[in-house]
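As a plain string of letters, each chain reads:
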Amino acid sequence: MSPLFWVGICCCAASLAITLEVMTGMRRMTRLRDVAVPPAESGPLVSIVIPACNEAATIEPALRSVLAMDYANREIIVVNDRSTDGTADVLARLAAEHPALRILHITDLPAGWLGKSHALQYGAERANGDYLLFTDADIIMERTTLSRAMHHVRTHGLEHLSILFEHIGGSGLLNALFLDICAALLLLYRPWLAKNPRSRQFMGVGAFNLVKTSAYRAIGRHRRIAMHPIDDIMLGKLLKRHGCRQDCLLGNGFVSVHWYETVGQCINGLMKNSFALYNYRLSGMAAGVLFVFFLGVLPPWAAVFADNTARLPFLAAVALRLLSFVNGFRETGGNPAYAAWSLATPYVAIYTSVTAAIRTIRHNGIDWRGTHYPLDELKRSIV
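Position labels on residues start from 1 in each chain and follow its written sequence. Where totals are concerned, whole chains, interfaces and linings use all residues; where local detail is concerned, this predicted model gives features only for residues with pLDDT of at least 70, and gives and counts side-chain atom pairs only at 80 or more. Only heavy atoms go into the side-chain values, all of them from the structure, while hydrogens and water stay out.

Enquirer: Got a minute to help me understand the overall build of the chain in this structure?
Expert: The helix and strand tally for the chain stands at 13 helices and twelve strands. All radius of gyration figures rest on C-alpha atoms, and the globule criterion is 2.2 Å times the number of residues raised to 0.38. The C-alpha radius of gyration computed for the chain amounts to 21 Å, which stays within 12% of the reference 21 Å derived for 383 residues, consistent with globular compactness. Each of the three principal axes of the chain carries a C-alpha extent, and together these read 70 × 50 × 40 Å. Scored against the burial criterion, the 383 residues of the chain give a buried share of 52%. For the chain, the exposed area adds up to about 16900 Å²; of that, 58% sits on carbon and sulfur atoms. This count recognises Lys and Arg as positive and Asp and Glu as negative, with His and chain-terminal groups excluded. Note that the charge is assigned to NZ on lysines, CZ on arginines, CG on aspartates and CD on glutamates. In the chain, which carries 37 positive and 29 negative side-chain charges, the distance between the mean positions of the two groups comes to 7 Å. Where helices and strands are cited, they refer to DSSP runs of H or I of at least four residues and of E of at least two residues respectively, numbered from the N terminus. Partly exposed residues are those whose accessible area sits between 20% and 50% of the maximum for their type, while under 20% is buried and over 50% is exposed, using a 1.4 Å probe and protein chains only. To measure how exposed things are, a 1.4 Å probe is used in the Shrake-Rupley method; for residues, cover is taken only from the protein chains shown.

Pasting the structure below:
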């Protein structure tokens, strides 16, 4: 057998192991739809904190979905973070319609802070709730989302609950890219283990991070991760390291977002946090790129150009990838035909990782929403 045949065997075995790991792991996670809607009762006060920076196009439907949720004992705080578009006008109109809606305005960003982390802490410090729900200004919530989440939290004695969101709309390539990124994060963080107190695995999701206020204060709020672009996951890490009980649920049908309009917008959005995923280490980025190349780029090419014997395990690896994406789209309610785009997503992932690293190093930091954040300060927020 040629050396390429054994490389193919390794590709196929790794693909199978990863597919089984993610599929079995997800089956161990609770779906929010399987959490019962509790009977009407007065639960603890929940403060919903929503940061908004130039979100005029998305914030109204998102806020209306939050306002329509059936959990009665809540307050909604929107932090208008230096918006220069029509966000303030939209918020003023909604506040006139819903007087209980609290609107806070930030005009300046203090040194040593990323805008979103600062806005989240700013809102949390002015909240009155026993629990804090951190979410985004483009997230659509189903009516019973918070009721089910709080029922799960109280039933299991949790101090932190995150919920994975559903992506809606977009092209086939964008949907396949979203699924590929989700699979990578699932493999990396294994959120099905977050609920195990003996496991060091953790999770956090910016679309839905529900935290007990006392636990949030105990870890030092967002100050410890003030300059970390992946603030949601790092918040989960801090809480888990502090000994807080946490869980992560699947939120299809309950927490959803139109992630990006185009693949180009998606790539641009990932530029701010892709290198942070590797703690700004070129060695980590290189290892990640090789991993993606080995499992995503090499098999299709070898399946076409290798000799008859060597191409068989590569064909099996390609088939496994396609089948895993078909299953993923069926699980998430997407179009299984989009699985064909999974053969293109590794190229997008490699381009994004490499370009993000080069830009971050060349510009000595990241530029996001009109603000430059120096690399040295970003590194200080590594947990």
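Enquirer: It is not clear to me how a nonpolar patch on the surface should be interpreted in this structure. Could you clarify?
Expert: Together, Trp301, Val304, Phe305 and Tyr347 give the surface a local cluster of nonpolar side chains, amounting to about 470 Å² of exposed area. Of all the elements, helix α10 (residues 282-305) adds the most residues to the nonpolar patch, at three residues. Its place among the elements puts phenylalanine 305 in helix α10. Note on patches: the residues involved have over 30% relative accessible area and no salt bridge, like charges join within 9 Å, and the nonpolar side chains Val, Leu, Ile, Met, Phe, Trp and Tyr join within 5 Å. A carboxyl oxygen of Asp or Glu within 4 Å of a side-chain nitrogen of Lys or Arg is what we treat as a salt bridge.

Enquirer: Help me out: how do you make sense of the pairing of strand β3 (residues 102-106) in this one?
Expert: Two faces make up the sheet, and in a regular strand the side chains alternate between them. DSSP-based pairing: two strands are paired if at least 2 bridges between them are found. The sheet contact formed by strand β2 (residues 74-81) and β3 spans five bridges and is parallel. Counterpart to aspartate 81 in the pairing with β3 is isoleucine 106. Looking down the strands as they point away from you, a crossover is right-handed if its path from the first strand over the helix to the second goes clockwise. Running through helix α3 (residues 87-97), the crossover from β2 to the neighbouring parallel element β3 is right-handed.

Enquirer: It is not clear to me how the pattern of salt bridges should be interpreted in this structure. Could you clarify?
Expert: Two side chains bearing opposite charge may form a pair once their charged atoms approach each other closely. Applying the stated criterion across every chain yields a total of eleven salt bridges. For the salt bridge of glutamate 60 with arginine 93, the shortest nitrogen-to-oxygen distance reads 2.8 Å. You can see glutamate 60 sitting in helix α2 (residues 59-67) and its partner arginine 93 sitting in helix α3, a full 33 residues away along the chain. When the shortest N-O distance is used, the salt bridge between arginine 64 and glutamate 97 registers 3.0 Å. Here arginine 64, found in helix α2, pairs with glutamate 97, found in helix α3; they are 33 residues apart in sequence, far enough to count as distant. For glutamate 97, a relative accessible area of 42% corresponds to the partly exposed category.

Enquirer: Can you walk me through the state of the cysteines in this structure?
Expert: Covalent bonding between the sulfur atoms of two cysteines defines a disulfide. Two cysteine sulfurs form what is called a disulfide whenever their separation falls within 2.5 Å. With the rule as written, the count across this model stands at zero disulfides. Note on cysteine 10: no disulfide assigned, nearest cysteine sulfur contributed by cysteine 11 at a separation of 7.2 Å. Overall, the relative accessible area of 45% leaves cysteine 10 in the partly exposed class. No disulfide involves cysteine 244; its sulfur sits 16 Å from the nearest other cysteine sulfur, which is in cysteine 248.

Enquirer: What is the right way to look at helix α12 (residues 345-362) in this model?
Expert: Note on helix geometry: an α-helix contains 3.6 residues per turn, so any two residues three or four positions apart are oriented the same way. For α12, with 18 residues, the first-to-last C-alpha span of 25 Å sits near the 26 Å given by 1.5 Å per residue. Those residues of α12 that sit buried are Thr345, Pro346, Val348, Ile350, Thr352, Ser353, Thr355, Ala356, Ala357 and Thr360. The inward-facing, buried residues of α12 contact α6 (172-189), α9 (263-270), α10, α11 (308-332), β11 (365-368) and α13 (375-379). Where α12 terminates, the next one or two residues include asparagine 364, which has phi positive at roughly 55 degrees. How far a helix is expected to stretch is found by multiplying one less than its residue total by 1.5 Å. Contacts: residue pairs with any heavy atoms within 4.5 Å of one another.

Enquirer: Sorry, what's going on with the packing of α6 against α9 here?
Expert: The relative placement of two packed helices is expressed as an angle between their axes plus a distance between the axes. Orientation is described by lines fitted to C-alpha atoms, with helices fitted over the stretch in contact, and by angles between N-to-C directions that extend from 0 to 180 degrees. One way to put it is that α6 packs onto α9 with a least axis distance of 9 Å and a crossing angle of 30 degrees. For the element pair α6 / α9, the angle class is roughly parallel. Along its contact with α6, which presents Leu173, Leu174, Leu177 and Ile181, the element α9 presents Val263, Cys266 and Leu270. A per-class count over the contact of α6 with α9 returns seven nonpolar, no polar and no charged. Any angle that is under 35 degrees is reported as roughly parallel, and any over 145 degrees as roughly antiparallel; angles of 65 to 115 degrees are reported as roughly perpendicular and all others as oblique. Residue classes follow a fixed rule: Ala, Val, Leu, Ile, Met, Phe, Trp, Tyr, Cys and Pro count as nonpolar, while Asp, Glu, Lys and Arg count as charged, and any other residue, Gly among them, counts as polar.

Enquirer: Help me understand the packing of α6 against α12, please; the structure alone is not making it clear to me.
Expert: Between α6 and α12, the least distance of the axes is 9 Å, while the angle of their chain directions is 65 degrees. Considering the angle they form, α6 stands roughly perpendicular to α12. Taken as a pair, α6 and α12 cross one another with a handedness that is right-handed. The segment α6 lies against α12, with Leu173, Ala176, Leu177 and Asp180 engaging Thr345, Pro346 and Val348. Residues of the contact of α6 with α12, tallied by class, amount to five nonpolar, one polar and one charged. Crossing handedness is read from the near helix: turned anticlockwise from the far helix by less than a right angle, it gives a left-handed crossing, and turned clockwise, a right-handed one.

Enquirer: Can you walk me through the pairing of strand β9 (residues 246-250) in this structure?
Expert: Of all five residues that make up β9, five are buried, and the element is covered over most of its length. Neither face of β9 is exposed, since Gln246, Cys248 and Leu250 on one face and Asp247 and Leu249 on the opposite face are all buried.

Enquirer: I would appreciate a short explanation of the sheet that holds strand β7 (residues 166-167) in the present structure.
Expert: What the three strands build is an open sheet, ordered β5-β10-β7; its pairing is mixed. Looking at the sheet topology across the chains shown, the edges are occupied by β5 (140-141) and β7. In this sheet, strand β10 (residues 255-257) lies alongside β5 in antiparallel orientation, the contact comprising two bridges. Among the inter-strand pairings, isoleucine 140 is bridged to a residue of β10, identified as serine 256.

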